[in-house]
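One-letter residues, chain by chain:
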Amino acid sequence: MAPSSVSEDERYRTSTQYRLWSFTPTSLLELRTTTNRNAANRVRDAVRRVREARAATSSGNTSEADGGNSRAVSAVPEGEVDCLSVEEELKLVTHFCRQTLQLGDHLQVPTDVKATAVQYIKRFYITNSCMTYDPKTLLKTALFFATKTENHYFRLTKFAEAITATKPEEILASEFLLTQGLRFTFDVRHPFRALEGAVMELQAMANGQTPSVGDKLRGMSRRVKEAHGKAREYLKTSALLTDVYFHYTPSQIMMASLLIADRQLISLYLGSKLPPGSANSAISAKLMEALDKCAEMLQSMDPGNEQSIAEKKELGALAKKLRKCRNPEKIDLVSLQRAKREGDGEDDERVVKKRKLEREQSAKEGHDLFGPTIQK
Amino acid sequence: MYRNAPKSVSDPSSNPLDDICPVCKSNRYLNPSLQFLINPECYHKMCSTCVDRIFTSGPSSCPVPHCGRTLRKKGFRKAFFTDLHVEREVDIRKRVSEVFNRRQDEFETLLDWNNYLEEVESLVFDLVEGSAAEKTRAEERLREYRDAYREEIEGNKRVGKEEVEGERRRERAEKEGARARRLAMAREVEEEKADVEKGKRDLLERLANSDGNANAITRQAQKVILKKSSARRNITEEVLASNGSANSGLTIRGLKKKVAPVEEKPYDPFGGVNITPARFTVQESYDNEWLGNAKKDTRHMAGGYSLQEYYARTMFEAFSGLGVFIEEEVADRGQKGDPSIGTAAAAEASGGKINIGHKMEIDDVF
């Protein structure tokens, strides 16, 4: 067998992040729009159902309406439901991603865990809506999941204790929901280690350890260090809160963040990596274009910027609006989970009963001359 | 006599007959050197005196009543087994196995081999226990077979002999080897003892003649002795190793011959795929303030952790996917993929399912 060569790019193409979680901006928007529309329709349907049920109970016809929904019934607001738009939802999700980062800081988990949790939330809310599943509870589950997938053990009870007013069941209730929303892919490729690699090589260039590089800048070592710090800031916040993970590869995100930090340095670096030639020039031009776009996207949410008062006010209004348009059937995930589990139990009971009957039957037939009938 | 005593206890019925010659009725009690002989013609036993008396002057008929076979003195021998029926059966088996001496590897299947064995066994049974007619028939068959396969029988006999011979040779060689080892060991011990003695003598002499520090001299002498003995040990080990490769001291008999297996190449986890990076080469070492500790700390190194792994991984991640332009590639995928994007009607129709995007189909959990 002739050894076929597999490039770094080919290897990235095998990842689930590339196969399932990479989108063009238009397709991503389309997905979100569809999700939003479906969710809004369902919210309206659910509200209508709940109102009908309430009308029925108040007239006294059915004294025993669904007991599990009694809480939800009380939560249903009056009047026409005013659902969130796609942009509003996106803003809310971003806001809750920020909150996840803060929660991560509070729990003192490493950057990887926080970053993974944020990506989980972002991925989940592509196909699910805030109106259906409350991000406030889901972000805890996401963070808890991230501690597992990033190999940072955190005991569930301690995790729940560390967050105010949270019970372990609450975190576990949406566990499968989140897993399914993530399409059972837990691997998130981050640009953090990539940054370390690039900086390591840049530093080696500065020290003249790599033979292939010709020219170098003055005070390069210091510049690399500064760029490293700045790029890291971008990766830790902007890269997580924007959609860059969906549109660019970790390597590109990293390069873009370095590009923001020190354009001259990175141009030189990439020039040395892709020397101007017939094949490379096309790629390098395309790459610079992509990096510029990515950098622009990163800069749209500068890490230094705190949320302004107006933004905060807007978010407050959105949160209030969300409270009014929640899907009343999906508010209490814990009891839904319990009901589902008990429902499963019933199923099991039925199966057990069926098996028992079969066994008895075959025992009875066993006394026949030719034994029981053969089971298929 | 004493030897026979316990036997007589275990089998009292045959006791008196065992000690009395059926021909001359002389008794072991009267003649302790009494010795019984048999002739494989008829397996009638008689004492050596009788044999001498009757058959010295040439072949004569068996003196036992109603036997009447002609026996020769040359045919008489001592019986190996006390029970003459067993003696006879063993003789017959020997005779038959000389003729029916096929080997298992001549047969194609195990079943054939077993059938052959069964046939031989029934022949033997006929010869041992059968009636006169059966016996003659069996004898006839034996002769026929011998005539038919004379050459093959000879060949097999030769092979069997060679095998026995080879076995014997190997045993002899083993014994020889063991003896040589024993001798070498003894010689070595002797030499070591002599060396130690000599060292001690030297030490005493030096202590007597020089006026240096006694302790220092003793220590040095000890060191010399140790060095010598360790050197000798090394030599013997080398010798053993070289011996081992030529002719290992221990051989286990009955092993099948082994065909030397084809040397396996080291396992390639990537199945021949070349994953040499194209965009970077990993250096021997990088200056990194974060890794300074890891480079020196034995706690990192002891577990087999190699910084090279870290370098390779970070460099790989830095360049993996640099040339992947999602906007182009994924857009292609979208066109090729299923056209369900944005078909809200389909999602509605499918009830509890949201069907969005390329293969983005999600069931409602609750």
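Cut-offs applied
- Residues numbered from 1 in each chain as written.
- Chains lettered and ligands numbered in written order.
- Predicted model: local features only at pLDDT ≥ 70, side-chain atom pairs only at ≥ 80, totals over all residues.
- Heavy atoms only, no water.
- Helix = DSSP H or I, 4+ residues; strand = E, 2+ residues; numbered from the N terminus.
- Buried < 20%, exposed > 50% of the residue type's maximum accessible area, 1.4 Å probe, protein only.
- Contact = heavy atoms within 4.5 Å.
- Areas by Shrake-Rupley, 256 points an atom, 1.4 Å probe, with all protein chains shown as cover.
- Phe/Tyr/Trp six-rings, centres within 6.5 Å; stacked < 30°, edge-to-face > 60°.
- Lys NZ or Arg CZ within 6 Å of the ring centre and 35° of its normal.
- Buried area = accessible area lost by both parts, 1.4 Å probe.
- Salt bridge = Lys/Arg side-chain N within 4 Å of Asp/Glu carboxyl O.
- Polar contact = N/O pair within 3.5 Å; in protein donor to acceptor, adjacent residues only side chain to side chain.
- Axes fitted to C-alpha atoms, helices over the stretch in contact; angles between N-to-C directions.
- Parallel < 35°, antiparallel > 145°, perpendicular 65-115°, else oblique.
- Left-handed = near helix turned anticlockwise from the far one by under 90°.
- Nonpolar A, V, L, I, M, F, W, Y, C, P; charged D, E, K, R; others polar.
- pLDDT = per-residue confidence, 0-100.
- Expected span 1.5 Å × (residues − 1).
- Arc of directions from axis to C-beta.

Considering the overall build of chain B
Link 1 in the chain: Of the regular secondary structure elements, chain B holds 13 helices and six strands.
Link 2 in the chain: Going through the 366 residues of chain B one by one, you find that 23% of them count as buried.
Link 3 in the chain: At a minimum sequence separation of 6, the contacts of chain B that also span at least 24 residues come to 46%.
Link 4 in the chain: Summing over all exposed atoms, chain B offers an accessible surface of approximately 26800 Å²; the carbon and sulfur share of this is 54%.

Quick word on the overall build of chain A
Link 1 in the chain: Looking only at helices and strands, chain A features 19 helices and zero strands.
Link 2 in the chain: Residues counted as buried form 46% of the 376 residues belonging to chain A.
Link 3 in the chain: A fraction of 79% describes how many contacts in chain A between residues 6 or more apart in sequence connect residues 24 or more apart.

Details of the packing of aromatic side chains
Link 1 in the chain: The full count for this structure, using the stated rule, is 21 aromatic pairs over all chains.
Link 2 in the chain: With a centroid separation of 6.2 Å and 55° between ring planes, the pair formed by tyrosine 269 of chain A and phenylalanine 319 of chain B is classed as tilted. Of this pair, tyrosine 269 of chain A sits in helix α16 (residues 263-273) while phenylalanine 319 of chain B sits in helix α11 (residues 307-319), which puts the two residues in different chains. There is no split in this pair, since tyrosine 269 of chain A and phenylalanine 319 of chain B are both buried.
Link 3 in the chain: The lysine or arginine in question, lysine 45 of chain B, covers the ring of phenylalanine 36 of chain B, its NZ or CZ lying 4.8 Å from the ring centre.

Thoughts on the interface of chain B and chain A
Link 1 in the chain: Contact residues are listed per partner, giving 59 residues for chain B and 71 residues for chain A.
Link 2 in the chain: Summed over both sides, the interface between chain B and chain A buries roughly 5700 Å², with carbon and sulfur atoms accounting for 58% of that surface.
Link 3 in the chain: Joining chain B to chain A, the criterion identifies four salt bridges.
Link 4 in the chain: Ionic pairing is found between glutamate 329 of chain B and arginine 13 of chain A, a salt bridge with its closest N-O pair at 2.7 Å.
Link 5 in the chain: Where chain B packs against chain A, one counts 12 residue pairs in polar contact (both at pLDDT 80 or more).
Link 6 in the chain: Going through the elements one at a time, α11, α12 (326-336), α13 (344-349), β5 (354-356) and β6 (360-362) of chain B are the ones with two or more residues in the side of chain B that touches chain A.
Link 7 in the chain: A per-element tally of the side of chain B that touches chain A places α11 of chain B first, with nine residues.

Some remarks on the side chain of threonine 314 of chain B
Link 1 in the chain: By the secondary structure assignment, threonine 314 of chain B is in helix α11.
Link 2 in the chain: Of note is the side chain of threonine 314 of chain B, whose polar atom sits 2.9 Å from the backbone oxygen of tyrosine 311 of chain B.
Link 3 in the chain: Dropping the residues within four chain positions of it, threonine 314 of chain B is found in contact with Arg193, Ala194, Glu196, Gly197 and Met200 of chain A.

Things to note about the packing of helix α5 (residues 86-107) of chain A against helix α6 (residues 111-127) of chain A
Residues and elements named next belong to chain A.
Link 1 in the chain: Following both chains from N to C, one finds α5 and α6 inclined at 155°, their axes separated by 9 Å at the closest point. Taken together, the axes of α5 and α6 lie roughly antiparallel to each other. Where α5 crosses over α6, the handedness of that crossing is right-handed. Taking contact as the criterion, the partners of Val93, Cys97, Thr100, Leu101, Gly104 and Asp105 in α5 are, on α6, Lys114, Ala117, Val118, Ile121, Lys122 and Tyr125.
Link 2 in the chain: When the residues that make up the contact of α5 with α6 are grouped by side-chain class, the tally is seven nonpolar, two polar and three charged.

Some thoughts on the environment of valine 330 of chain B
Link 1 in the chain: One can find valine 330 of chain B in helix α12.
Link 2 in the chain: Sequence-distant contacts of valine 330 of chain B, that is, excluding residues within four places in its chain, are made with Ser22, Phe23 and Thr24 of chain A.

Details of the environment of leucine 235 of chain A
Residues and elements named next belong to chain A.
Link 1 in the chain: If you trace the backbone, leucine 235 turns up in helix α12 (residues 220-236).
Link 2 in the chain: A residue is classified by how much of its surface remains accessible, and leucine 235, at 0% relative accessible area, is buried.
Link 3 in the chain: Through-space distance from the C-alpha of leucine 235 to that of proline 191 is 7.3 Å; in sequence the pair is 44 residues apart.
Link 4 in the chain: Among all residues touching leucine 235, those that are not within four sequence positions of it are Pro191, Phe192, Leu195, Leu240, Ile253, Met254 and Ser257.

Re unusual backbone geometry
Residue and element names in this part refer to chain A.
Link 1 in the chain: Even without being a glycine, asparagine 151 presents a positive backbone phi close to 65°.
Link 2 in the chain: Position of asparagine 151 relative to the elements: it lies in the loop between α7 (135-149) and α8 (156-162).
Link 3 in the chain: Positive phi, close to 55°, is recorded for alanine 165, a residue that is not glycine.
Link 4 in the chain: Its place among the elements puts alanine 165 in the loop between α8 and α9 (168-173).
Link 5 in the chain: When its relative accessible area of 75% is taken as the criterion, alanine 165 is described as exposed.

Looking at the pattern of salt bridges
Residue and element names in this part refer to chain A.
Link 1 in the chain: For the coordinates displayed, the defined rule picks out 41 salt bridges over all chains.
Link 2 in the chain: When the shortest N-O distance is used, the salt bridge between lysine 140 and glutamate 170 registers 3.6 Å. With a gap of 30 residues between them, lysine 140 in helix α7 and glutamate 170 in helix α9 connect regions that are remote in the sequence.
Link 3 in the chain: A relative accessible area of 22% means that glutamate 170 is categorised as partly exposed.

As for the confidence of the model for chain A
Detailed conclusions should not be drawn from predicted coordinates in areas where pLDDT is low.
Link 1 in the chain: Of all residues in chain A, 87% attain a pLDDT of 70 or more, and the chain-wide mean is 84.
Link 2 in the chain: Contacts from residues 61-73 of chain A, a stretch scored under 50 in pLDDT, to residues over four places away or in other chains number eight contacts.

Points about the environment of valine 199 of chain A
Residues and elements named next belong to chain A.
Link 1 in the chain: Here valine 199 shows up in helix α11 (residues 192-206).
Link 2 in the chain: Judged by its relative accessible area of 8%, valine 199 is buried.
Link 3 in the chain: Put simply, valine 199 and valine 224 are 25 residues apart on the chain and 6.8 Å apart in space, counted from C-alpha to C-alpha.
Link 4 in the chain: If sequence neighbours within four positions are ignored, valine 199 has contacts with Val224 and His228.

Let's talk about α6 of chain A
Link 1 in the chain: Given a rise of 1.5 Å per residue, 17 residues ought to cover 24 Å, and the 26 Å separating the end C-alpha atoms of α6 of chain A matches this to within 8%.
Link 2 in the chain: In terms of burial, α6 of chain A is a largely internal element, 16 of the 17 residues being buried.

Some points on helix α6 (residues 132-148) of chain B
Each full turn of the α-helix corresponds to 3.6 residues, which orients residues three or four apart in the same direction.
Residues and elements named next belong to chain B.
Link 1 in the chain: Compared with the 24 Å implied by 1.5 Å per residue over 17 residues, the 24 Å span of α6 between its first and last C-alpha is a close match.
Link 2 in the chain: If you check which residues of α6 are buried, you get Ala138, Leu142 and Tyr145. Buried positions in α6, seen along its axis, are confined to an arc of 70° and lie on one side of it. Among the exposed residues of α6, those oriented more than 90 degrees off its buried face are Ala132, Thr136, Arg137, Glu144 and Ala148.
Link 3 in the chain: For α6, the elements touching its buried residues are α4 (84-99), α5 (110-129) and α7 (150-209).

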